[in-house]
Amino acid sequence: MLVNSNNPYLSPPDTGERMAERAVRSALPFVYLKDHDGSLARACGAICTPHAFVFDADRRLRYQGRIDDSRTGQSVTTHDLSDAIADVLDRRPVRVAQTEPFGCAIVW
């Protein structure tokens with residue numbers, strides 16, 4: 001979750017402790033972080049939330065874009081992020097390396 005620390009009204013305040021509680025409660029099968037000052041999002045070129053980035057073991061950007069092709073679960077036809085992760089883990093070229101992300105704009 002990206003939070004603009006200059007304007008707490010743009011995103012809900014979220015402490016590391018609250019994020020850890022949510023991860024446990026939701027049984028999230030992955031690690032996530034809080035980009036307190038937006039420096040990681042800026043460095044990656046994030047334009048909205050969510051905007052996914054997949055790096056390989058050599059820290060090369062292999063995928064960037066949306067999570068799925070639809071905002072509603074029943075309309076999803078491609079799982080772009082999952083497909084990219086599978087490709088990277090299987091050491092294959094990423095089938096679709098970039099898609100157009102959609103979501104709430106990040107206000108810097």
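The structure this text deals with has already been given above.
All of the points below concern the structure found in this document.

Conventions used here
- Residues numbered from 1 in each chain as written.
- Predicted model: local features only at pLDDT ≥ 70, side-chain atom pairs only at ≥ 80, totals over all residues.
- Heavy atoms only, no water.
- Pairing = 2+ DSSP bridges.
- Helix = DSSP H or I, 4+ residues; strand = E, 2+ residues; numbered from the N terminus.
- Salt bridge = Lys/Arg side-chain N within 4 Å of Asp/Glu carboxyl O.
- Buried < 20%, exposed > 50% of the residue type's maximum accessible area, 1.4 Å probe, protein only.
- Contact = heavy atoms within 4.5 Å.
- Disulfide = S-S within 2.5 Å.

Quick notes on the pairing of strand S3 (residues 61–65)
Step number 1: Relative to S3, strand S2 (residues 52–55) is paired through four bridges, and the arrangement is antiparallel. What sits directly across from Phe-55, in S3, is Leu-61.
Step number 2: Hairpin connection between S2 and S3: a loop of five residues separates the two successive antiparallel strands, and Arg-59 in this loop has a positive phi of roughly 65°.

Structural notes on the pattern of salt bridges
Step number 1: For the structure shown, the criterion picks out seven salt bridges.
Step number 2: In this structure, Asp-56 and Arg-60 form a salt bridge, with 2.7 Å as the shortest nitrogen-oxygen distance.
Step number 3: On the accessibility criterion, Asp-56 (9% relative accessible area) is buried.
Step number 4: On the basis of relative accessibility, which here comes to 48%, the residue Arg-60 falls in the partly exposed class.
Step number 5: Across the pair Asp-80 and Arg-66 runs a salt bridge, and its minimum N-O distance is 2.7 Å. Of this pair, Asp-80 sits in helix H3 (residues 80–89) while Arg-66 sits in the loop between S3 and H3, placing them 14 residues apart in sequence.

What about the environment of Ser-75?
Step number 1: Within the secondary structure, Ser-75 is located in the loop between S3 and H3.
Step number 2: Of the residues examined, Ser-75 reaches a relative accessible area of 39% and is grouped as partly exposed.
Step number 3: In this structure, Ser-75 is in contact with Asp-69 and Ser-70, ignoring residues within four places of it in sequence.

A closer look at the state of the cysteines
Step number 1: Inspection of every chain in the model, using the stated rule, returns zero disulfides.
Step number 2: This cysteine, Cys-48, is not joined by any disulfide, and Cys-104 carries the nearest cysteine sulfur, 8.3 Å off.
Step number 3: Since its relative accessible area comes to 55%, Cys-104 is described here as exposed.

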